[in-house]
Structures are given as structure tokens and as C-alpha cells.
Amino acid sequence: MTPSAEHHPAQQRRPWLARTLLFAWGAGVLVVLSSLMTGHWVPLPVPPTDDAALRAGLQRYAPPATDGRWAIVHVLYAKCRCSRRVFDYLAERSSPDDVDEVVLLVGGDDADLEAACGARAIGLHKLTDEQLERQLGIEAAPLFIVRDPLGEPRYTGGYTDRKQGLDYQDLTTLAQLREGATVPPRPVFGCGVSSSLQDALDPLGLKY
Amino acid sequence: MSKIIVVDDSATMRQQVKQALTPAGFDIVEAVDGRDGFNKVQADAAIDIMILDVNMPRMNGIELVEALNKEGRVQKGLKVVMLTTEGHAELIQRAKAAGAKGWMVKPFKPEMLLAAVQKMAV
Amino acid sequence: MTDVTTEPTARPGIFRRMGQAIVLPKTVSAFESSYLERMNRIALAFFYGHLPVFLLISWLNETDPLFTLMLTAAVLVIPTLGCRAFTGHRSKSLVFGFTAMCMGGILVHIGQGPVQIEMHFYFFSVLAMLALFANPMVILVAAVTVALHHLILWYLVPQSVFNYDAPIWVVLVHAGFVVLETFAACFIARNFFDNVIGLEKKVEERTVEIRKRNEDMRLVLDNVQQGLVTVSRDGKMASEHSKVLETWFGAYEAGDTFAGYMGNHDAAFGNWFGLCWDSLTDGFLPLEVALDQLPKTAAFDGRHFEFSYQPICDDAGELEKIMVVVSDVTSEVAQQRAEAMQREILSVFERILKDRSGFTEFFEEAQRLVDASEPAASHLDDVKRFVHTLKGNAALFGVDSVAQLCHEMEERIAEDDERGAAERYEALTGRWQELASTVQRMLGQDTVDSVTLSGDEYQDLLRRVVEEQPHVEIARRLVDLSLEPTDHRLERFAEQARALAERLEKGAIDVCVQANDVRLERERFAPFWSSFTHVLRNAIDHGLETPDDRVENGKPDSGRLELSSYEQDGEVVVELRDDGRGIDWDGVRAKAASLGLPCDTQDDLLAAMFSAGFSTREQATDTSGRGVGLNAVRVACEALGGRIETDSEAGRGTTFRFRFPSDVAKNADALSI
């Protein structure tokens with residue numbers, strides 16, 4: 001498979017052609033790779049905890065706030081690998097008894113997830129990205145929201161401290177909030193969901 | 001200190017050898033020709049260095065060394081130095097074949113003779 | 001790493017030096033070319049190998065393998081195209097720098113997930129690998145690519161969209177590390193180039209330098225007019241030696257010993273040198289003694305050479321080799337000889353000025369002696385006598401070259417070397433001819449036959465004629481004047497005696513002359529006078545002691561000679577008295593006995609002393625000891641009808657008296673006009 005370094009007579013006569021081609025191609029590749037990188041480097045937006053749209057959306061999708069039960073709302077994007085990792089994590093772990101959990105699945109179906117949610121009595125809602133943006137003000141995933149028994153969102157943010165770490169902090173965050181501590185929102189490591197965000201992140205349309 | 005015998009028919013030569021070596025404390029015995037030298041060496045086992053001329057009457061230098069060689073004196077440690085004039089290569093070769101280990105050219109410089117003897121006496 | 005610069009120029013600025021370090025020198029050596037070709041091929045294979053690996057990773061990591069395949073293929077186009085687009089190996093290497101960074105970019109993308117950060121280590125590993133191209137430019141291309149990548153990123157990300165600050169500091173940290181590694185990798189690459197790739201060039205540079213130095217050395221050795229050669233301990237000559245040696249002594253073959261080499265030219269010398277060398281290496285004699293015995297001069301076919309030796313010892317002080325320096329001193333020797341000749345001529349000239357008649361007489365007699373000394377013409381004993389006399393006379397008159405030749409001839413005769421004697425005779429006559437022609441010119445027509453008058457003597461004669469004194473009286477006076485006063489002779493002898501005493505280290509002796517107006521016939525007594533010198537010489541050489549000895553024996557430190565002539569009882573006597581140690585009668589007796597001569601009475605001993613071949617000296621010196629001198633005197637004396645009287649007292653001195661009948665002396669014939 002290794003090509004030899006012999007020169008084709010045709011090219012040798014016109015090296016400038018090959019060189020021009022080379023430089024153009026090289027530049028193109030560089031641009032492409034750079035744009036790939038943006039997706040990784042740029043922090044994804046997270047609505048603040050006291051956002052009005054968020055609250056409204058929560059009331060809509062989250063289980064009603066009753067008898068002092070906390071709730072966790074997981075926002076997952078079907079086309080996002082990081083979200084998929086969160087799926088796997090959620091499927092494996094058990095839910096604590098006194099916590100309601102809901103999964104908002106955006107942008108696609110996932111039979112496994114649906115089955116898992118059904119098995120564990122986790123609510124599952126399917127949304128489109130516009131709905132997510134309009135109704136919740138969320139443009140990126142995966143993230144989770146913790147709602148206290150009074151219906152207030154207490155935490156909105158990513159799952160992990162480290163980018164693409166494996167240490168999902170949803171339950172620990174819950175525990176901390178229950179004790180009365182304040183948890184600063186973690187950055188979202190994942191993908192843009194809304195189309196506008198996607199355009200911004202990936203102008204060349206490589207990923208999205 | 002080493003005992004040295006000088007065998008030469010020329011009194012002047014013997015005198016020169018004596019003058020060169022006595023100040024350094026060497027004991028010098030003189031012999032006037034080959035036979036005399038032979039007798040004296042045989043008589044005195046303490047003599048361990050012999051300086052001799054080649055051309056002597058009655059018994060010349062080569063014959064003397066050969067005789068002493070037969071008597072085993074050379075093997076017992078008698079060191080023999082021939083004095084000869086420059087250019088007589090065959091004489092020296094014969095002397096060496098007879099057992100003389102060193103040779104010096106006449107006329108010699110006293111300090112050279114002294115240095116040579118001091119090295120042998122060591 | 002030391003630079004081999006020829007002259008210290010001002011150091012170029014830091015940027016210039018950096019530029020020089022980064023940009024490789026233009027010439028690509030063959031080694032570099034083949035090396036890079038190989039590296040490029042390996043690099044291409046290496047990057048193609050990334051494809052399956054990336055596919056695997058993206059499949060494991062669920063990051064869209066298809067997309068990965070497309071992306072990797074797109075990047076691989078670059079080196080593939082690059083190898084066609086560029087002909088130079090270095091240029092191709094630059095393409096790989098770019099490619100490497102792109103590959104890293106892909107890896108980071110597909111390695112999303114828990115190990116995305118770790119994937120960045122790929123950049124650092126591959127950046128280090130790029131040093132293998134031995135070209136800092138490759139690394140710079142990679143670094144620039146990374147920089148561009150990040151610049152494009154920042155262009156593409158519009159900051160106004162987001163609420164959060166983009167983590168620029170993270171990127172700067174990255175950049176910092178990349179820059180650091182770039183520096184390091186560039187340094188390594190350049191060093192690799194200089195010392196490994198460039199090693200061949202360095203070696204070549206050094207070889208050229210060495211060759212040049214060798215050539216310079218060679219130039220020196222080829223043109224120096226002295227023979228320089230080192231001889232190692234085993235006697236072998238170094239092949240590096242002055243060319244002039246071969247011009248003098250013939251061709252050199254590798255492995256020749258110096259003794260052997262010289263032996264080709266002159267067997268005796270080679271032999272002798274070999275012997276001396278053996279005594280040097282066998283360690284029996286101390287080094288300086290053995291060195292001193294090596295031949296210092298030699299003459300081959302009329303050319304003279306001087307040899308000097310310089311020992312070279314190793315660190316332990318052991319003799320390693322000897323530097324032999326051979327100089328052609330033929331011209332110096334010839335010059336010295338010429339100078340000696342000049343001096344001789346000058347001294348002869350001086351003598352002629354001081355004592356013309358004396359010298360003239362010596363000259364004529366010497367001529368006769370030279371003619372008579374031909375070995376084939378006369379009996380050997382006579383020849384010996386003549387040569388001996390000539391030697392003595394020549395020495396006294398300062399004609400040392402002739403004296404030396406006579407001495408050499410005498411030696412040969414003593415050793416019964418007829419051919420040697422004949423050869424020396426030829427040399428003697430040769431030299432004599434040279435001298436004779438010069439002296440002849442100086443003397444002019446002067447012969448002994450002329451009579452010289454002093455001013456007073458002339459006036460006296462004139463007065464007699466004017467006073468008309470009887471003819472017989474005037475005739476007698478004239479005859480008188482034709483006879484030579486012994487005064488002159490004895491004075492001359494006195495002078496010679498003083499000179500001789502100095503030469504023999506007997507100090508400044510007193511010589512007393514009493515001529516008493518005795519006059520003798522010049523021509524008839526000439527042989528006697530010339531042999532008289534032997535008696536004089538004997539007296540000084542054997543008779544007088546050294547000043548030290550004299551003082552020890554209670555005598556005044558300077559010896560005393562009395563030369564006198566007088567008339568006594570109808571005889572003319574010439575007397576020589578010294579106050580030396582007297583004749584050693586025991587020695588005379590022993591020698592006479594050894595020669596088989598009668599030695600019982602005093603007369604026997606005297607007769608023995610004056611006989612041919614008698615000498616109590618063991619070794620002939622330049623001046624005496626040949627056993628010829630006294631014999632010569634006796635012969636001369638007896639030829640004139642005279643006789644010798646000897647008185648000697650041990651420790652007090654000796655007196656020789658030569659008595660001649662008066663009528664012979666006065667030559668009555670001349671009076672009977």
C-alpha cells in the first residue's frame with residue numbers, strides 16, 4: 001500500500017501544479033480540523049437556575065412537586081455521544097426511592113432507553129430541539145436539573161466536573177442540595193442541540 | 001662498593017681510568033696485560049667489573065674474556081667492558097661473542113666511563 | 001561542540017545565529033540524501049498505518065468511523081501528493097511535519113471521551129519523532145501548523161454568541177508547551193544533523209585538514225636540507241623522513257633499519273651503527289653513554305656528514321625513539337681546511353719575514369727530505385728517519401699540515417702497512433707541491449747561496465777596503481762573513497724551544513743562548529742543525545718535568561735550557577744543557593735489553609740510546625717517541641767527523657755536547673785563496 005517516492009514523468013514536468021494542489025488541499029484540511037476542534041473547545045450554554053422559561057418548562061414536564069420529593073430532570077440528546085453515555089449510566093444505576101426522575105429525550109428515538117425508563121418507572125418525554133429551546137430555554141445537552149420539593153430549580157448544569165469524565169455527579173449534587181449546600185453549575189460537555197447553536201458551533205456542517 | 005680491574009698495557013690508559021673512577025669511591029686494581037689480568041681476576045673473587053683493552057701483548061682482550069668465560073667468571077657475574085678505537089666493528093663482535101657485554105670507544109670521556117660503571121655497579 | 005573556524009570574526013547577532021541554526025546549509029550530502037529518502041518512506045508508511053488505528057479507535061469510541069475514514073484519507077492525500085510535488089527530500093520531510101499535526105487533530109477529535117485530553121500527548125510524541133528528520137524546519141512547520149490551527153479556531157468562534165468566557169488561558173498553556181517542545185526538538189534535530197548526518201561532512205573536513213597539514217609537513221621534509229629521521233627502538237626508520245636523505249644515501253624501502261639503510265651506502269658505517277645501536281637497546285650502558293658512542297661524523301665519497309642524535313622518551317622515561325639529524329658539512333669541512341691552509345700560509349709568511357734565511361733553509365731541506373722519503377726508493381729505516389725529521393722541522397716552522405701527514409705516514413710504516421705508507425706519501429707530496437709553489441713565490445729567487453750582511457758588517461768591510469788593509473785580511477773577513485754565526489741558529493732554536501715547551505705544558509721555560517761568536521759553514525752543518533731539533537725536543541719532552549712536578553721536587557717552577565757554542569781545545573762544541581729529571585738509565589737498560597742490545601756499560605747504554613728504533617716511550621706522540629731522533633743526530637754528527645758527549649744526573653739535568661774538529665768547522669780551504 002505504501003506508495004513509492006518515484007516521480008511520475010507527468011508530474012515532474014509540471015511540479016507547480018502538484019504543489020498548488022497540495023497547498024490548497026492542506027489549507028482545506030487545516031480549516032476542517034480547526035472547525036472540528038471548536039465543537040470540543042467551546043463551552044455550551046446553560047440557562048441559569050432562575051430562568052423563567054426553565055421554570056415553566058419544568059412545571060410542564062417534571063412530576064408535580066408533592067410531599068417533599070425532589071426531582072431530577074435529565075436532558076439528553078439522542079445524537080450526542082456524551083448523552084448516550086449518560087443513558088448507559090442511568091440505565092445501570094438504580095434510582096433513589098424518594099426522588100422522581102424524568103428523562104427528556106431530544107432529537108430521536110432510542111428503544112433501549114425507552115425500555116429502561118419504562119422498567120424503572122422513569123418518566124420519558126420526547127421533544128424536538130425547538131421545543132426544548134422554546135419551552136425550556138435549553139440549547140445543549142446532556143445536562144440535568146434538580147428541582148426541590150417546592151418546585152424550584154436548584155441546579156442546572158452538566159454531569160461531570162471534568163470534560164467527558166466518567167464521574168456523574170447527579171446524585172451527589174442532589175445529596176448536597178438536600179443538605180442545604182449550594183452547588184455551582186458545571187459546564188455542559190456534549191453537543192449543541194438547537195439549530196442555531198449548531199450552526200454557530202459547526203459552520204462547516206461537519207458534525208451536525 | 002664494586003671492585004674494578006682495569007687491564008691495559010698502556011700505563012697512561014690505566015691512569016686515566018683510575019683518575020675517572022677513584023673519586024667516586026671505586027676500588028681499582030690494575031693489570032698490565034691479558035695474563036696478568038687473568039691471574040688477578042682468578043685470585044680475587046670480589047672483582048666484579050673488568051675494563052680491558054683489546055690489543056695487549058701475551059694475551060689480548062678477546063682471549064682474556066674467552067678464558068674467563070671458560071672459568072665461569074662471566075657467568076658468575078663478572079661484567080666486562082671492552083675499550084676499543086672507533087670503527088673496529090669485528091673486534092667488538094668477537095668480544096661480545098666471547099661474553100663482553102659492553103664496550104666503549106677510546107678515547108673516552110671520564111664522566112661517561114663513570115656513568116657506565118655506576119650503572120653496572122648498581 | 002567546537003567550531004573549526006579559521007579566524008575569530010565578530011559574533012553575528014542572536015537572530016542571525018538562530019536563523020543559521022534553523023536553516024540547514026544548502027548542500028545535501030549523499031549520506032543525508034539517502035537517509036532522508038529512507039526516513040520519508042518510513043514516515044509515509046507510518047502515517048498510512050494511522051488509518052486502521054484511527055478506525056479502530058473511532059469504532060471503539062463510537063465516534064463515527066465513516067467520518068473518520070474520510071477525514072484520515074483526506075489528510076493522507078497531503079503526504080502522498082507532497083511526495084510527488086517535491087523532488088527534494090528535505091521538502092518532502094516538511095510535508096510530513098504538517099501531516100503529523102493534522103493526524104493529531106483527527107486523533108483528538110475521534111478520541112473524544114474520557115481520554116480526549118490524553119490524546120493530545122500524541123502531538124508531543126510525534127513532534128519529538130520529527131527530530132529524526134534532522135531538520136529544524138520540519139519541526140517549525142509542525143509548530144506553525146498548530147499555531148495556524150488555533151488561530152483559525154479563534155476566527156471561527158464568534159465570542160459574542162456565548163455568555164461564558166472561552167478558556168483562552170488553556171489554549172495559551174498548550175501553546176506554551178508546544179513552543180517549548182519546538183525549541184527542544186529543533187535543537188535536537190539540528191544537533192542530529194550536525195553530528196550524525198553531518199558527521200560524514202565533519203570527518204571529511206577534518207580529513208582535508210589533516211591532509212593539508214600532512215602536506216605542509218611533507219613540504220618541509222622534502223625541502224629541508226638536513227636529513228631528519230626518527231629511528232624507533234627496534235632500529236627501524238620512519239617512512240616519514242627528509243627527502244634529502246635519499247638523495248644522499250639512496251632509495252628507502254619500507255621496513256629498513258637505519259643501520260641497514262646506511263649499510264647499503266657504506267657497509268662499514270652501517271655495521272658500526274648497528275653495533276652502537278645494539279649497545280643502546282640492550283641497556284647495559286647508561287643511555288647518555290651509549291648515545292655518545294653513536295658515530296658523530298662520517299665521510300662517504302668525498303662528502304662529509306655530521307650526525308646528531310636526540311633521544312625521545314615516553315611518559316615513563318623509557319627510550320622510545322631517537323631523532324637522527326644528518327647534516328652535510330662537506331662545505332664546512334672544506335672551508336675549515338681552507339682556513340687552516342690560509343693560516344698556515346700566513347704563518348709561513350710571517351716566518352719568512354722574520355727569518356728569511358732560516359725559513360729558506362728549512363724549505364730547501366724539507367724539499368730534499370720529501371724527495372728522499374719515497375718508500376719505494378729508499379730503505380725503510382732511512383725513510384722513517386727522513387720523515388721523522390721532516391715532521392719535526394715542519395712542526396717547528398708551523399707547517400702543520402705537512403707535519404700531520406708525516407705523522408700519519410710514520411704510523412703506517414710502524415704498522416708495516418706499505419700500501420698505507422705509500423698512499424700517505426702521495427698525500428704528502430701533493431700537499432708539499434701546493435705549499436712549495438706558494439712559498440716559492442714568496443721567497444722569490446732567494447736561495448741559500450746568497451750571503452746576507454747586516455749594515456754594520458757592510459760598513460766594517462767597506463772601511464777595511466778603504467783603509468787598504470791587506471787582501472788576506474779582507475779575504476778572511478769575507479770568508480768569515482760567509483760562515484753562519486751559530487748565534488742565529490741557537491736563537492732560532494731558543495724560540496722554537498719556548499714554543500714547544502708551551503705546547504707540551506712545561507710552562508714558560510728559560511732559554512739561555514751563548515754563541516760566543518762561533519761561526520760554522522752553513523751548508524755542511526745543515527743536516528746536523530736540522531737533526532739537532534730532535535735533541536732539543538727530547539730535552540723538553542722527556543727531560544723537563546711539568547711545573548707541578550718541579551715544584552714538588554723543590555726546583556724552580558720553570559725549566560731552564562742552555563744553548564751554547566764555543567771553541568775548546570781545537571774543537572767547536574755545541575752544547576745543550578737542561579735542568580730536568582735526567583736520563584732514566586734503568587729505563588734505557590730495560591729497553592736495550594728488550595731490543596737485544598748490549599747494556600752492561602755506560603757506553604753500551606749510550607750507544608743503545610742513539611741507535612735506530614730506540615725509545616723508552618710506549619706510545620709515539622706527535623713530537624717524539626719514534627726512536628728516530630737521536631739516531632738521526634748521531635748519524636749527522638758522525639758524518640761531520642764529530643762525536644757526542646752525554647752527561648746526566650738524575651733529578652738534576654742532562655747535558656749533550658757535540659764536538660766537531662775545528663778545521664772542519666773553519667774550512668781552511670776557503671782561506672787558501
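My aim in this report is to walk through the structure given alongside it, one point at a time.

Quick notes on the rules
Residues numbered from 1 in each chain as written. Chains lettered and ligands numbered in written order. Predicted model: local features only at pLDDT ≥ 70, side-chain atom pairs only at ≥ 80, totals over all residues. Heavy atoms only, no water. Axes fitted to C-alpha atoms, helices over the stretch in contact; angles between N-to-C directions. Helix = DSSP H or I, 4+ residues; strand = E, 2+ residues; numbered from the N terminus. Parallel < 35°, antiparallel > 145°, perpendicular 65-115°, else oblique. Left-handed = near helix turned anticlockwise from the far one by under 90°. Contact = heavy atoms within 4.5 Å. Nonpolar A, V, L, I, M, F, W, Y, C, P; charged D, E, K, R; others polar. Pairing = 2+ DSSP bridges. Buried < 20%, exposed > 50% of the residue type's maximum accessible area, 1.4 Å probe, protein only. Buried area = accessible area lost by both parts, 1.4 Å probe. Salt bridge = Lys/Arg side-chain N within 4 Å of Asp/Glu carboxyl O. Polar contact = N/O pair within 3.5 Å; in protein donor to acceptor, adjacent residues only side chain to side chain. Arc of directions from axis to C-beta.

### Thoughts on the packing of helix H12 (residues 258–265) of chain C against helix H13 (residues 267–281) of chain C
All names here are of chain C. Packing of H12 against H13 leaves a shortest axis separation of 6 Å and a crossing angle of 160°. On the basis of the axis angle, H12 is roughly antiparallel to H13. Seen along the crossing, H12 lies across H13 with a hand that is right-handed. Residues Phe258, Ala259, Met262, Gly263 and His265 of H12 lie in contact with H13, whose contacting residues are Ala267, Phe269, Gly270, Phe273 and Gly274. Residue composition of the contact of H12 with H13, grouped by class: six nonpolar, four polar and no charged.

### A short note on the sheet that holds strand S1 (residues 227–232) of chain C
All names here are of chain C. Spatially, the four strands line up as an open sheet ordered S1-S4-S3-S2, and their pairing is antiparallel. One side of each edge strand has no neighbouring strand; the edge strands of this open sheet are S1 and strand S2 (297–300). On average, adjacent strands in this sheet sit at an angle of 30° to one another, irrespective of strand direction. Bridging between S2 and strand S3 (residues 303–313) involves four bridges; their strand directions are antiparallel. Among the inter-strand pairings, alanine 299 is bridged to a residue of S3, identified as histidine 304. Contacting S1, S2, S3 and strand S4 (319–328), H13 crosses the sheet at an angle of about 150° to S4.

### Quick look at the packing of helix H17 (residues 380–396) of chain C against helix H18 (residues 400–414) of chain C
Residue and element names in this part refer to chain C. Interaxial distance between H17 and H18 falls to 8 Å at its minimum, and their mutual angle equals 155°. Between H17 and H18, the crossing angle belongs to the class labelled roughly antiparallel. Crossing angle aside, the handedness with which H17 passes H18 is left-handed. Taking contact as the criterion, the partners of Leu380, Val383, Lys384, Val387, His388, Leu390, Lys391, Ala394 and Ala395 in H17 are, on H18, Asp400, Val402, Ala403, Cys406, His407, Met409, Glu410 and Ile413. Within the contact of H17 with H18, the residues separate by chemical class into 11 nonpolar, two polar and four charged.

### Remarks on the sheet that holds strand S3 (residues 123–127) of chain A
Residues and elements named next belong to chain A. With mixed pairing, the five strands of this open sheet are ordered in space as S3-S2-S1-S5-S6. Two strands bound the open sheet, and with one partner strand each, they are S3 and strand S6 (153–157). Going from strand to strand, the sheet's axes swing by 15° on average, the running direction of each strand aside. As judged from the four bridges shared by strand S5 (residues 143–147) and S6, these two strands associate in the antiparallel manner.

### Re the environment of arginine 190 of chain C
Residues and elements named next belong to chain C. Relative to the helices and strands, arginine 190 is located in helix H9 (residues 168–197). A residue is classified by how much of its surface remains accessible, and arginine 190, at 14% relative accessible area, is buried. On a C-alpha basis, the gap between arginine 190 and methionine 137 in space is 9.4 Å, while along the polypeptide they are 53 residues apart. Look past the residues within four positions of arginine 190 in its chain and what remains in contact with it is Gln20, Ala21, Ile22, Val23, Leu24, Pro25 and Pro136.

### Structural notes on the pairing of S3 of chain C
Hairpin remark: S2 of chain C followed by S3 of chain C, antiparallel, with two residues in the connecting loop; positive phi at aspartate 301 of chain C, about 35°. Counted along the chain from S3 of chain C to the antiparallel partner S4 of chain C, the turn is five residues long, and its residue glycine 317 of chain C has a positive phi close to 90°.

### Considerations on the interface of chain C and chain B
The partner chain B presents 24 residues to the 17 residues of chain C that form the contact. When the two sides are added together, the surface that chain C and chain B hide from each other amounts to roughly 1,700 Å², 65% of it contributed by carbon and sulfur. By the criterion of area lost to chain B, the three top residues of chain C are Trp272, Leu275 and Phe284 of chain C, representing 41% of everything that side buries. Residue aspartate 292 of chain C pairs with lysine 109 of chain B through a salt bridge whose shortest N-O separation is 3.1 Å. Where chain C meets chain B, there are four residue pairs in polar contact (both at pLDDT 80 or more). Of all the secondary structure elements, the ones that give two or more residues to the side of chain C that touches chain B are H13 and helix H14 (287–293) of chain C. Looking at the side of chain C that touches chain B element by element, the count peaks at six residues for H13 of chain C. Split into classes, the residues belonging to the side of chain C that touches chain B amount to eight nonpolar, four polar and five charged.

### Thoughts on helix H25 (residues 585–595) of chain C
Residue and element names in this part refer to chain C. For H25, the set of buried residues is Trp585, Gly587, Val588 and Ala592. For H25, the angular spread of buried residues about the axis comes to 155°, placing them on one side. The exposed residues of H25 that point more than 90 degrees off its buried face are Asp586 and Ser594. Looking one or two residues beyond H25, the residue adopting positive phi is glycine 596, at roughly 80°.

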